[in-house]
Amino acid sequence: MKGSRGAERVIVVLLAVTALVVIINTFRMTRTNDIVQSAKTGTFLSTVDAVGYIVRDETVMATNTSGVLESTVQEGVRVMAYESVGALITGDADTELMQELAQINAQIESLSQSASSSGASSVDDSQIDGTLSQSLENLKYAAAKGNTANAVSIAEDIRILAERKAGVTSSSDTEAQLAALEARKSSISASLNGVREEIYAPRAGMYSKNVDGLESVLTPDAIENVTAKDVDGYDELLENATPQGLCKIVNNYKWYLVFAVEAEQIDDISSGKSYTVKFKEASDKELSGSVTYISEEDEDGRCAVVMQFTGHLDNLTSIRKTDIVLYKARFSGIYIPVNALVVKDGVTGVYVQNEQSNEFKSIEIVYRTDDFVLADPDADGVGDYDNLELYDSIILNPGVEALE
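None of these values were measured; they are calculated from a predicted model.

With that out of the way, let us pick up the packing of aromatic side chains. By the definition in use, this model includes 10 aromatic pairs. Measuring from ring centre to ring centre gives 4.8 Å for Phe360 and Tyr385, while their planes differ by 75°; the resulting arrangement is edge-to-face. Of this pair, Phe360 sits in strand E17 (residues 358-362) while Tyr385 sits in the loop between strand E19 (372-375) and strand E20 (393-395), placing them 25 residues apart in sequence. Summarising the burial analysis for this pair, Phe360 and Tyr385 share the class buried. Among the aromatic residues, those joined into a cluster by ring pairs are Phe44, Phe331, Tyr335, Tyr367 and Phe372. In this structure, Arg330 packs its charged tip against the face of Tyr327, placed 6.0 Å from the ring centre.

Encoded structure:
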C-alpha cells in the first residue's frame, strides 16, 4: 500500500509539473502571437484645398501710341521710381522687324522664367525628393485604409512632383539660347529706323509685362468686403478681361490672396492669426500669411477668406490664379492606432510588450482621428504608470476594455 501511495504522489507531482509547463508555454505562445507595432513619431497636417486669386497693388503704364515694347528689364525684377524699363518703338520702323522683335522679346521672357524656375527646382531638389517619399508613404496608407478620394488626390500630387523633377531644363542650354536671342535682339534694334520712346517706371516695385486687364478690378480695396459669390465670378472676369497697357509695376512688399471655401472647413481658423499656404503654381512655394478677413457664411454655407503676405513668391507678377493648400494646424507625436488604446483605472494608455510581461503605459493625446491618435512622447506618466516612449512595442488589439 505504501508503495502504491508513493507512486500516486509521484504521478500527482508529475501532473502538476506538466500542467505548469503547459501554462508557461501557453503564456509564451500567447505573448509571441501578440501583434505589436513599434512606437514611432508621425505628423498630421490639417489642410484645406482651394483655388486662390492673387490681388496686388499694380500701376499700369499705358500709351496712346502703337508700337513694339522693347524691355530692358527682366520680368519680376525690382526697379526704382523713374528708372527706365524699356522703350516703345514707333513710327516708320520695318513692320516685319518689329514683329520679329516682339517674338524675340516673348521668347526671352519665357526662357528667363524657365531658367528661374529650374534654378529654384535645383536648389530644392532634395525637398522634392523628400516630398515624393512622404507622398508615397501617404498613398500606401490611404490605399490600405480604402480612402479612395484621398489616394487619388495624393497620386495627382505625386504625378506633378515627378513631372517637375523630370522637366528641369539644362541651365547651360538655356543660357546659350538666351545669348543667341539677345544678340539677334541687339541686331534688330540697331537696324530699326523708328522712333524710340523711353518708358520710365512711375514708382518703385517689380516690373512686369504680364498685363491681364484686371489690375484696376482686383485691387486691395475691392476685396475689403468680398463674398464667396464674388470670388466665384473671378474666372469669368479673367476670361473676358481685355489687357490694356504696355507693362506695369507691382507692389511686391504687400500682396493678398483671396479664396472661397465651405464655412465648416475653416471653422477653426481666426482673423488676425498667421497660417502657412502652399502655392502650387509657384513651384509649391510655402509662405506664411495673416488672415485679414473672413466673410459671413452665405446661404450656400460658404465663406470668402482674404490673407495678406509680405514674403517673396516666385513669378508673383505673372500669377493671378493658383491652386493652394492652406495648412490650418500641424500635429506631431507618437502614432498609435485606435485599436491599441485601452483605459485602465481611468487612465488612457496602451499595453507594451516587454521581455518578461506586458506593461500598461499612459499616454497624453495631442490629436485624434477615427483611425489613429498622436501622443506626446515627452508627457509625464500618470499615477503609477510610466508614459509611452519611442520604440516601445505597442500591442494591437490587446483584448481589454477599448477606449470609447
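Let us now look at the nonpolar core. In this structure, Phe259, Phe279 and Met307 are the most contacted members of the largest nonpolar core, which totals 27 residues. Counting only elements with at least two residues in this core, the list comes to strand E2 (41-55), strand E10 (255-262), strand E11 (274-279), strand E12 (285-294), strand E13 (302-309) and strand E14 (321-337). Apart from the residues lying within four places of it in its own chain, the contact partners of Phe279 are Ile54, Trp255, Leu257, Asp284, Lys285, Leu287, Phe309, Leu313, Thr322, Asp323 and Ile324. Judged by nonpolar contacts, the second largest core, of 15 residues, contains Leu218, Val231, Tyr234 and Tyr256.

Applying the stated criterion to the full structure yields 12 salt bridges. Two residues, Lys321 and Asp235, come together in a salt bridge whose shortest N-O distance is 2.9 Å. Placement of the pair is Lys321 in strand E14 and Asp235 in helix H7 (residues 234-240), with a sequence separation of 86 residues. Under the relative-accessibility criterion, Lys321 is labelled partly exposed at 37%. Judged by relative accessible area, Asp235 falls into the partly exposed class, the value being 28%. The closest approach of N and O atoms between Lys328 and Asp268, which form a salt bridge, is 3.3 Å. With Lys328 in strand E14 and Asp268 in the loop between E10 and E11, this pair connects stretches of sequence that are 60 residues apart. By sharing partners, the salt bridges in this structure join Arg56, Glu58, Asp212, Glu215, Lys248 and Arg320 into a single network.

Attention shifts here to the sheet that holds strand E8 (residues 205-208). Spatially, E3-E9-E8-E5 is the arrangement adopted by the 4 strands of the open sheet, whose pairing is antiparallel. Strands with a single pairing partner mark the edges of an open sheet, and in this sheet they are strand E3 (58-61) and strand E5 (78-79). Inspection of the sheet shows E5 paired to E8 by 2 bridges, in the antiparallel sense. Bridge pairing in E8 links Arg78 to Met206.

Before going further, it helps to spend a moment on the environment of Gly67. In this fold, Gly67 is placed in the loop between E3 and strand E4 (68-71). Overall, Gly67 belongs to the partly exposed group, its relative accessible area being 39%. In the structure, Gly67 is positioned 130 residues away from Glu197 in sequence and 9.6 Å away in space, judged by C-alpha atoms.

On to the side chain of Ser208, then. Within the secondary structure, Ser208 is located in strand E8. Judged by relative accessible area, which is 0%, Ser208 ranks as buried. Within polar-contact distance, the side chain of Ser208 engages the side chain of Glu75 at 2.5 Å. Filtering out sequence-adjacent residues up to four positions away, Ser208 remains in contact with Glu75, Cys247, Lys248 and Thr317.

Analysis parameters
- Residues numbered from 1 in each chain as written.
- Predicted model: local features only at pLDDT ≥ 70, side-chain atom pairs only at ≥ 80, totals over all residues.
- Heavy atoms only, no water.
- Phe/Tyr/Trp six-rings, centres within 6.5 Å; stacked < 30°, edge-to-face > 60°.
- Helix = DSSP H or I, 4+ residues; strand = E, 2+ residues; numbered from the N terminus.
- Buried < 20%, exposed > 50% of the residue type's maximum accessible area, 1.4 Å probe, protein only.
- Lys NZ or Arg CZ within 6 Å of the ring centre and 35° of its normal.
- Core = buried A, V, L, I, M, F, W, Y, C linked by side-chain atoms within 4.5 Å.
- Contact = heavy atoms within 4.5 Å.
- Salt bridge = Lys/Arg side-chain N within 4 Å of Asp/Glu carboxyl O.
- Pairing = 2+ DSSP bridges.
- Polar contact = N/O pair within 3.5 Å; in protein donor to acceptor, adjacent residues only side chain to side chain.

None of this, on its own, says anything about what the molecule does.
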